[in-house]
Amino acid sequence: MLLCISVFDYTGILLQAFVASLLHEMGHLLCLLLQRRPVCALDFTVAGIRLDRGTDYCPSPADIPVYLAGPAVNLAIGLGALWLLQRRFALHLATLALIHLLLGAFNLLPISLLDGGQVLLIFLREKLPPRRAERLYWAFSFWTSLALLGAGLLLFAATRQNGTLALCGGYLFYSVVRGRQREEGRRR
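Residues numbered from 1 in each chain as written. Predicted model: local features only at pLDDT ≥ 70, side-chain atom pairs only at ≥ 80, totals over all residues. Heavy atoms only, no water.

Chemist: Help me understand the pattern of salt bridges in this model?
Modeler: Pairing between side chains of opposite charge can happen when the charged atoms of each approach one another. Evaluated as defined, the whole model comprises two salt bridges. Of the charged contacts in the structure, one is a salt bridge between arginine 125 and glutamate 134, with a shortest N-O distance of 2.8 Å. Judged by its relative accessible area of 32%, arginine 125 is partly exposed. (Salt bridge = Lys/Arg side-chain N within 4 Å of Asp/Glu carboxyl O. Buried < 20%, exposed > 50% of the residue type's maximum accessible area, 1.4 Å probe, protein only.)

Put into structure tokens, the structure is as follows:
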């Protein structure tokens, strides 16, 4: 990954995004370590880095700070960069602020693979009967990821510039549909 970044990214944006992702995951990891909770492994996937908590892991209200720690790190760095931009404009600070703010906000979306989706699942399980909580969780994930895919396709059609949002929305939508199918298969 770092080799591809160094060879193909002459702007430095991909490296900053990679560092922002690492800092995001380190926020989760630090919160887990402060709570003295186990982490089995760090998995590097196509979508980023995932903390593996083991096969017996089931999200609980105690996990909400852990899920929010990653976006909080990104939002804090992004807001800090915006504060510095008020003192002195620098393109690298603007880029840093934009990357971190977008990554932090994006991860708060209520989609099953994202931190916001996991917080939503915990909240729904606490407030509703299990079956209804699961149905609402998958409905939020489905419609939010579909809206993201649609927005990405519209943006690409209008600009013909960058299909990143459409690709990301498509990946998340596929993952939601596939995750729901796996969940239903386990119940049978």
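Chemist: Teacher, can you tell me more about helix H5 (residues 115-127) here?
Modeler: Owing to its 3.6 residues per turn, the α-helix aligns residues three or four sequence positions apart on the same side. With 13 residues, H5 ought to run about 18 Å at 1.5 Å a step, and its terminal C-alpha atoms sit 19 Å apart, in line with that. Buried residues in H5 make contact with helix H2 (13-34), helix H3 (64-87) and helix H6 (130-159). (Helix = DSSP H or I, 4+ residues; strand = E, 2+ residues; numbered from the N terminus. Expected span 1.5 Å × (residues − 1). Contact = heavy atoms within 4.5 Å.)

Chemist: Could you clarify how one ought to interpret the environment of leucine 82 in this entry?
Modeler: By the secondary structure assignment, leucine 82 is in helix H3. Taking the C-alpha atoms as reference, leucine 82 lies 9.9 Å from threonine 95; in sequence the two are 13 residues apart. Residues in contact with leucine 82, not counting those within four places in the same chain, are Ala97 and Leu101.

Chemist: Looking at this structure, I do not really get the packing of H2 against H3. What am I missing?
Modeler: Working note: a packed helix pair is described by the angle between its axes plus the distance between those axes. At a minimum axis distance of 7 Å, the contact between H2 and H3 shows a crossing angle of 140 degrees. By the angle between their directions, the pair H2 and H3 is classed as oblique. For the element pair H2 and H3, the recorded crossing hand is right-handed. Contact with H2, carried on its side by Ala20, Leu23, His24, Gly27, His28, Cys31 and Leu32, involves Pro65, Val66, Tyr67, Ala69, Gly70, Pro71, Val73, Asn74 and Ile77 of H3 and no other residues of that element. (Axes fitted to C-alpha atoms, helices over the stretch in contact; angles between N-to-C directions. Parallel < 35°, antiparallel > 145°, perpendicular 65-115°, else oblique. Left-handed = near helix turned anticlockwise from the far one by under 90°.)

Chemist: For this particular structure, what's the right way to read the packing of aromatic side chains?
Modeler: We describe a pair of aromatic rings using the distance from one ring centre to the other and the angle between the two ring planes. Applying the stated criterion across every chain yields a total of three aromatic pairs. On the basis of an interplanar angle of 85 degrees and a centroid distance of 5.0 Å, the ring pair of phenylalanine 142 and tryptophan 143 is categorised as edge-to-face. In this structure tryptophan 143 comes out as exposed when scored by relative accessible area, which is 56%. What makes phenylalanine 142 partly exposed here is its relative accessible area of 27%. An aromatic cluster is present here, built from Phe142, Trp143 and Phe173 joined pairwise through their rings. (Phe/Tyr/Trp six-rings, centres within 6.5 Å; stacked < 30°, edge-to-face > 60°.)

Chemist: How should I be thinking about H6 in this particular structure?
Modeler: Over its 30 residues, H6 extends 43 Å from the first C-alpha to the last, a length consistent with the 44 Å expected when each residue adds 1.5 Å. Among the residues of H6, Ala133, Glu134, Tyr137, Trp138, Ser141, Thr144, Ser145, Leu148, Leu149 and Gly152 are the ones counted as buried. Residues of H6 that are buried sit in contact with helix H4 (91-106), H5 and helix H7 (164-187). After H6 finishes, the residue arginine 160 shows a positive phi value of roughly 55 degrees.

Chemist: Help me out: how do you make sense of the side chain of serine 141 in this one?
Modeler: Tracing the backbone through its elements, the reader meets serine 141 in helix H6. Relative accessible area serves as the criterion here: at 0%, serine 141 is assigned to the buried category. Not counting residues up to four positions away in its chain, the partners in contact with serine 141 are Pro110, Ile111, Ser112 and Val176.

Chemist: What is the right way to read the packing of H6 against H7 from this model?
Modeler: Across the interface, H6 lies against H7 with an axial gap of 7 Å and an inter-helix angle of 155 degrees. Taken as axis vectors, H6 and H7 run roughly antiparallel relative to one another. Every pair of crossing elements has a handedness; the one defined by H6 and H7 is left-handed. The residue inventory of the contact of H6 with H7, partitioned by class, reads 14 nonpolar, six polar and six charged. (Nonpolar A, V, L, I, M, F, W, Y, C, P; charged D, E, K, R; others polar.)

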